[in-house]
Amino acid sequence: MAELTVDIAGLRLQNPFILASGIWGETGATLARALRAGAGAVVTKSIGVAPRAGYANPTIVEVPAGFINAMGLPNPGIDAYKEELEEALKPGKPVIGSVFGANAREFCALARKMEGYGVHALELNLSCPHAQGYGAQLGQDPDITKRITASVKAAVKIPVFVKLTPNVSSIATIGKAAEAGGADAVAAINTLKGMAIELELCRPVLSHGSGGYSGPGIKPVGVACVYDLFGAVKIPIIGMGGISSGEDAAEYLMAGATALQVGSIVYKKRDRTFTHLSRELSHFLSSHHYKSARALTGKAHGRS
């Protein structure tokens, strides 16, 4: 049977599949549940310095080939999150703490606390498309990306991953900036900006108006971004965006990913998500005579 174990910046995962931030991981108990259900690792919801209610309902709508959501980064604040992480860490598998802030000072404060709570790595949310003053508004600027990444790297000892937005002219440029700031890996992609209109009411469906489009419809964009990043950076890439099958996973790995995050499929399969994907990827590897998931990384670039 093909080997699914992968290493990403010193983290050893039993399989390449990581639960993405904000999906099914609302509490420490659900993060632990995902790990016990077979996730190689999990990413927490994005946590800020203070409690945040998020946007009013409706915050998510299903559309052809995916979902559009605008949650507004709801979270209890970093000081209240310690108990949730204690629960999430119980299965003994990698937990990645996602943080968002308005500037380098906030990111550093959050990173230190997350490290103190015991997470194995950090994911800097520089890519949320619908929160004013946060996320993509920072991550669209290479200089800001580099500065925040470098500040966090200087503040902690655990690996730092930077989650990138596709809503830029060149994701490779942003990836290079994260690498220059000392990032241990980049994660690509976050959601695309999208909107759905309620025809009878003549208004956007979501209370915020626009939101982040995720699901199978964005997979070609995600694959292209990972492919471009592989040619631009030397650090590992965590691919994501519309992964629903073992063949989708193989495509991202061939484009250059080392590990993979999954989100929208969890709405459909919940506890079966990670065993389903691992089984399908294992079948693909075996049927195509690959000995491991690692052997696929970068194959589309002509690697032997």
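What you see is a predicted model; the values in this text were computed from it and never measured.

Q: What should I look at first to understand the sheet that holds strand S14 (residues 211–214) in this one?
A: Two strands in a sheet stick together by hydrogen bonds in their backbones, pointing the same way (parallel) or opposite ways (antiparallel). Taken together, four strands build an open sheet; the order of strands is S5-S6-S14-S11 and the sheet is antiparallel. The open sheet terminates on both sides in strands that have one partner only, identified here as strand S5 (60–63) and strand S11 (192–194). Neighbour to neighbour, the strand axes of the sheet diverge by 35° on average, direction disregarded. As paired elements, strand S6 (residues 66–69) and S14 share three bridges and run antiparallel to each other.

Q: So what exactly am I meant to see when it comes to the environment of Glu-123 here?
A: Along the chain, Glu-123 turns up in strand S8 (residues 121–125). A C-alpha to C-alpha distance of 30 Å links Glu-123 and Lys-291, two positions 168 residues apart in sequence. Residue contacts for Glu-123: discarding those within four places in its chain leaves Ser-21, Val-43, Ile-96, Gly-97, Ser-98, Val-99, Phe-161, Lys-163, Ala-187 and Gln-261.

Q: Can you walk me through unusual backbone geometry in this structure?
A: Most of the time, phi is negative for any residue but glycine, and the peptide bond is trans. Residue Pro-58 is reached from Asn-57 by a cis peptide bond, and omega for that bond is 0°. Within the secondary structure, Pro-58 is located in the loop between strand S4 (41–43) and S5. Each neighbour pair has its own omega, and for Ala-188 with Ile-189 the value is 15°, a cis peptide bond. Structurally, Ile-189 can be placed in the loop between strand S10 (185–188) and S11. Notably, Leu-73 is not glycine yet its phi reads approximately 55°, a positive angle. Counting through the fold element by element, Leu-73 comes out in the loop between S6 and helix H2 (82–88). The phi dihedral of His-289 falls on the positive side, at around 65°, and the residue is not glycine. Tracing the backbone through its elements, the reader meets His-289 in the segment after helix H10 (273–287).

Q: What should I look at first to understand the packing of helix H6 (residues 171–180) against helix H7 (residues 219–230) in this one?
A: When two helices pack together, their arrangement is given by the angle between their axes and by how far apart the axes lie. Two numbers describe how H6 lies on H7: the axes approach to 9 Å, and their chain directions differ by 50°. Classed by the angle they form, the pair H6 and H7 counts as oblique. By crossing handedness, the relation of H6 to H7 is classed as right-handed. Contacts between H6 and H7 involve Ile-171, Ala-172 and Gly-175 from the first element and Cys-225, Asp-228 and Leu-229 from the second. Residue composition of the contact of H6 with H7, by class: four nonpolar, one polar and one charged.

Cut-offs applied
Residues numbered from 1 in each chain as written. Predicted model: local features only at pLDDT ≥ 70, side-chain atom pairs only at ≥ 80, totals over all residues. Heavy atoms only, no water. Pairing = 2+ DSSP bridges. Helix = DSSP H or I, 4+ residues; strand = E, 2+ residues; numbered from the N terminus. Axes fitted to C-alpha atoms, helices over the stretch in contact; angles between N-to-C directions. Contact = heavy atoms within 4.5 Å. Parallel < 35°, antiparallel > 145°, perpendicular 65-115°, else oblique. Left-handed = near helix turned anticlockwise from the far one by under 90°. Nonpolar A, V, L, I, M, F, W, Y, C, P; charged D, E, K, R; others polar.

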